[in-house]
Amino acid sequence: MIALLSAVIPSPAADAAHDAAHETAARFRHGAYSVSCPTCHVPAGSLCLARRSIHAARRDLYRQNPKTTGLVPLLVGRGR
């Protein structure tokens, strides 16, 4: 029963991780964030105005002409 509730009611940590994943993808213009949104008219690299989602038109536009940007940049710090 607890497992079912945790799937339905996300924790604050899962909520923050989901938001951070969207912000990271938008910042580095990955996936659907590499094109501008025809629904809410935000430029490429910006989050859609709908919270925690990408508009379907933006996803479709990306799937029609996917951008090949190469590898994901490394986000690791140097230890001394």
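Data block above holds the structure.
Conventions we followed
- Residues numbered from 1 in each chain as written.
- Predicted model: local features only at pLDDT ≥ 70, side-chain atom pairs only at ≥ 80, totals over all residues.
- Heavy atoms only, no water.
- Helix = DSSP H or I, 4+ residues; strand = E, 2+ residues; numbered from the N terminus.
- Buried < 20%, exposed > 50% of the residue type's maximum accessible area, 1.4 Å probe, protein only.
- Contact = heavy atoms within 4.5 Å.

Novice: Sorry, what's going on with unusual backbone geometry here?
Specialist: Negative phi is the rule for most residues except glycine; trans is the rule for most peptide bonds. The backbone phi angle of R29 is positive, close to 55°, even though this residue is not glycine. Structurally, R29 can be placed in the loop between α2 (12-27) and α3 (56-64). Positive phi, normally seen in glycine, also occurs at H41, with a value near 60°. Locating H41 in the fold gives a position in the loop between α2 and α3. Judged by its relative accessible area of 64%, H41 is exposed.

Novice: It is not clear to me how the environment of L49 should be interpreted in this structure. Could you clarify?
Specialist: Here L49 shows up in the loop between α2 and α3. Distance in space between the C-alpha atoms of L49 and C37 is 9.6 Å, their sequence separation being 12 residues. Setting aside its immediate chain neighbours within four residues, L49 contacts C40, V42 and H55.

Novice: What is the right way to read the environment of R52 from this model?
Specialist: As for its placement among the helices and strands, R52 is situated in the loop between α2 and α3. Assessed through its relative accessible area of 30%, R52 is described here as partly exposed.

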